[in-house]
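Residue-level structural notes
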Amino acid sequence: MLHADRERCQGAGMCALTAPDLFDQDPEVGRVVLLRPAAAYGTGPTGAAAREAVSLCPAGALSFAPDPPDAPPVGRT
């Protein structure tokens, strides 16, 4: 699961520029807003954009965390 630490975020906006389907910025304080935490999985374009955004974040506010043990598989309910 994709994780965004809003306290660590410095508002550079690289995430929103790199993966606008996954990230936005809070209009009041400029910090990251995570739009789709589970969408980052996979090898498709969304997963690649998520990995790139994590690697480009200058504050290190983005990361991947393991799914909780009781979480359903992504794409299923």
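The structure reproduced in this document is the subject of the present report. (Residues numbered from 1 in each chain as written. Predicted model: local features only at pLDDT ≥ 70, side-chain atom pairs only at ≥ 80, totals over all residues. Heavy atoms only, no water.)

With that settled, the discussion passes to the overall build of the protein. Looking only at helices and strands, one finds two helices and four strands in the protein. Going through the 77 residues of the protein one by one, you find that 29% of them count as buried. Residue pairs at least 24 apart in sequence account for 51% of intrachain contacts in the protein once pairs closer than 6 positions are excluded. Of the roughly 5,000 Å² of accessible surface on the protein, a fraction of 54% belongs to carbon and sulfur atoms. (Helix = DSSP H or I, 4+ residues; strand = E, 2+ residues; numbered from the N terminus. Buried < 20%, exposed > 50% of the residue type's maximum accessible area, 1.4 Å probe, protein only. Contact = heavy atoms within 4.5 Å. Areas by Shrake-Rupley, 256 points an atom, 1.4 Å probe, with all protein chains shown as cover.)

Before going further, it helps to examine the pattern of salt bridges. By the definition in use, this model includes two salt bridges. Here Asp-26 makes a salt bridge to Arg-6, at a shortest N to O gap of 3.3 Å. A residue pair is termed long-range when its members are at least 10 positions apart, and Asp-26 in the loop between strand E2 (23-25) and strand E3 (32-34) and Arg-6 in the loop between strand E1 (2-4) and helix H1 (14-18) qualify at 20 residues. The salt bridge partner of Arg-31 is Glu-7, with a shortest N-O separation of 3.9 Å. On the criterion of sequence distance, the pair formed by Arg-31 in the loop between E2 and E3 and Glu-7 in the loop between E1 and H1 is long-range, its members being 24 residues apart. In this structure Glu-7 comes out as exposed when scored by relative accessible area, which is 65%. (Salt bridge = Lys/Arg side-chain N within 4 Å of Asp/Glu carboxyl O.)

Attention now moves to the environment of Pro-45. By the element assignment, Pro-45 lies in helix H2 (residues 45-56). Since its relative accessible area comes to 74%, Pro-45 is described here as exposed. Taking the C-alpha atoms as reference points, Pro-45 and Ala-19, 26 residues apart in sequence, are found 9.6 Å from one another.

Let's shift gears to a nonpolar patch on the surface. Taken together, the side chains of Met-14, Leu-17 and Leu-56 define a hydrophobic patch exposed on the protein surface, amounting to about 280 Å² of accessible area. Examined against the element boundaries, Leu-56 turns out to sit in helix H2. (Patch = residues over 30% accessible without salt bridge, like charges linked within 9 Å, V, L, I, M, F, W, Y side chains within 5 Å.)

Here we come to the environment of Pro-58. Among the secondary structure elements, Pro-58 is positioned in the loop between H2 and strand E4 (62-64). In the structure, Pro-58 is positioned 45 residues away from Gly-13 in sequence and 9.5 Å away in space, judged by C-alpha atoms. In contact with Pro-58, other than residues within four places in its own chain, are Ala-12 and Met-14.

Everything listed here is a matter of coordinates, which is why it stays silent on function.
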